[in-house]
Amino acid sequence: MISFWRQRVKQWLPNFDHRVWILAAGRLLSQVGIGFTLFYAPIFFTTQVGLSATQVGLGIGLGSLAGMGGRFLGGSLADSPNWGRRPTLLASALVSAGADGVLLLANDFSIFLVGNLLMGFGVGLYWPAAESVAADITTSEQRNEAYALVRLADNLGLGVGVVAGGALISLTGAYRALFAIDGVTFLLFFAIIYFAIAETRPAGNGARSLLQGWGRALRDTNLMVYAAVNVLFTGYLAQIQSTLPLYLNRFAGGEQAVSEGTLSLLFTGHVVLAAIAQLPVARWLNRYSQVQGLMVSALLWGLSFALVWQAGLGEYPVVWGGLALGIMALAMVAYTPIGSALVAALAPEALRGVYLSVNSMCWAVGYLIGPPVGGWALDQGAATAHSFWLGLAATVVPALGVLAWLDRRLQRRGL
C-alpha cells in the first residue's frame, strides 16, 4: 500500500531537474523569514521605537523605490558574462541579511530608513536572478509548472513565517528577534545557493553594458504590450491585500459588514485554496498557449470583481465575498507562473535576466498604483466604493482584447 501511494505521488509531482526543487526549498526558507517581519515590523517601529506612521510609511515606500533600482541592476548583472545568476543571488542574500542587522539595531528613523533601503535593494536583486535560474534549468514545456512550484514555495514560506512570527510575538513580545531570525534565513539561503546550485547562465556573449540589454528589451513590442497588461494584473492583486479587506469591513452588506474575525477566516481560505490549486491549475493550463492562459485569468478576475460588487450591495456578504476570494485565488494562480514563463519565452537567452527584471518591475509599478487608487475610491463614500469594483471588472474587456491580439502575433512567431 505504501509503495502504491509513493508511486502515485511520484506520478503527480512534476519531473524536474533536482535544482528546481533545491531552488524552491531555498525560496521557501527565505520567505519564511520575510513572513516573520512582514506584518509585525510596522507595529514594532510605531509602538515600541516611537516612529510615526508617516515615517514608517515613508521608509517602506523609499525601500520599494530602492527595490526598483535593485531590479534594474539585478537583471543586468544576472545576464553579465562577468557576473551571472549565482553571484547576484548570493549578493542579494548578503545585502538582505545585512539589512536585517541594521533593522535589528534601529532605534531612530535614519537607521530604520537605511535598513529599508538595503532590504528593498536586496529583494530587488533577488527576483530577476531567481526567475532566470528557474528558466535556465527547465524546458519551455516545464516552465508553467516550474514557476508554479516556486511560487507555491514562496506562498507556503510566507504563510508559515506570518503564523510563526505572530506566535513568537504572542509568547515573548520579542519583536527584535524577528529580524535576527529573518537574517538567519537569508544566510541559510546563501548557503543553499553557494553549495547546491552552480551558475546556470547559458553560454553566450550577453549584453556588453548595463544599458544595452535594457535598450533591446524596451524596444521589444511583445514584451512592452505584455508589460502593460501585467501592470494591470498586479494592480488587481494589490487590491486583495489593500482595498478588499477595508471594503468588506466598511461597506459590504450595509449593516451586515464583515467583521475582522470573519475576514481573517475568508483570507485564510483564499491562501489555502491558492496553495492547493497552484500546481493543478498550471498543469491544466498547459493545454493552452501562455497568453490564452492569461486570458483565462482575466476572465476570472472580472468574475471575482463582479462578485465583490454583489457582496457590497446584496444580502449574504460573507458568502459573496468568500466566493469572490475563491475566484481570485484561481485567477492569481493562473496568472503568476504563466506570466514569468511567457517573459522567459519572449527573452533571448542572453537577456533573460533583463527581460524578467522588466516583469518584476511591473509588479513594483502595479503595487505602487493599485493601493492608492483603491484607497481613494473608498474615501469617496459608498457609491464610489461600490462602483469601483464594476470599474475594475470593466478593465478586463480591453485587457482581453490586447491579449487576443498578442496571442495571434506570437502564434505567427511560433511561440
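See above for the structure.
The present account deals with the structure reproduced in this document. (Residues numbered from 1 in each chain as written. Predicted model: local features only at pLDDT ≥ 70, side-chain atom pairs only at ≥ 80, totals over all residues. Heavy atoms only, no water.)

**Quick look at the nonpolar core**
Side chains that are nonpolar tend, in soluble globular proteins, to be buried together.
Now for step 1: Membership of the largest hydrophobic core comes to 98 residues, with the highest contact counts inside it found for Phe233 and Trp301.
Now for step 2: Looking at this core, the element that brings in the most residues is helix α14 (residues 317-346), giving 16 residues.
Now for step 3: Not counting chain neighbours up to four residues away, the residues in contact with Phe233 comprise Leu294, Ser297, Ala298, Trp301, Tyr335 and Leu403.
Now for step 4: Grouped together as the second largest cluster of nonpolar side chains are 17 residues, Phe44, Val49, Val56 and Phe179 included. (Core = buried A, V, L, I, M, F, W, Y, C linked by side-chain atoms within 4.5 Å. Buried < 20%, exposed > 50% of the residue type's maximum accessible area, 1.4 Å probe, protein only. Helix = DSSP H or I, 4+ residues; strand = E, 2+ residues; numbered from the N terminus. Contact = heavy atoms within 4.5 Å.)

**Comments concerning the packing of aromatic side chains**
Now for step 1: Per the stated rule, a full pass over the model turns up 23 aromatic pairs.
Now for step 2: On the basis of an interplanar angle of 80 degrees and a centroid distance of 5.0 Å, the ring pair of Tyr194 and Phe195 is categorised as edge-to-face.
Now for step 3: Its relative accessible area of 70% is what places Phe195 among the exposed residues.
Now for step 4: Members of the aromatic cluster, connected to one another through ring pairs, are Phe233, Tyr236, Tyr247, Phe251, Trp301, Phe305, Tyr335, Trp363, Tyr367, Phe388 and Trp389.
Now for step 5: Positioned above the aromatic ring of Tyr194, the side-chain terminus of Arg86 is 5.1 Å from the ring centre. (Phe/Tyr/Trp six-rings, centres within 6.5 Å; stacked < 30°, edge-to-face > 60°. Lys NZ or Arg CZ within 6 Å of the ring centre and 35° of its normal.)

**Some remarks on a nonpolar patch on the surface**
Now for step 1: A cluster of nonpolar residues, Leu58, Leu62, Leu65 and Leu117, forms a patch on the protein surface that exposes about 310 Å² of accessible area.
Now for step 2: Top element by residues in the nonpolar patch is helix α4 (residues 53-79). It accounts for three residues.
Now for step 3: Counting through the fold element by element, Leu62 comes out in helix α4. (Patch = residues over 30% accessible without salt bridge, like charges linked within 9 Å, V, L, I, M, F, W, Y side chains within 5 Å. Areas by Shrake-Rupley, 256 points an atom, 1.4 Å probe, with all protein chains shown as cover. Salt bridge = Lys/Arg side-chain N within 4 Å of Asp/Glu carboxyl O.)

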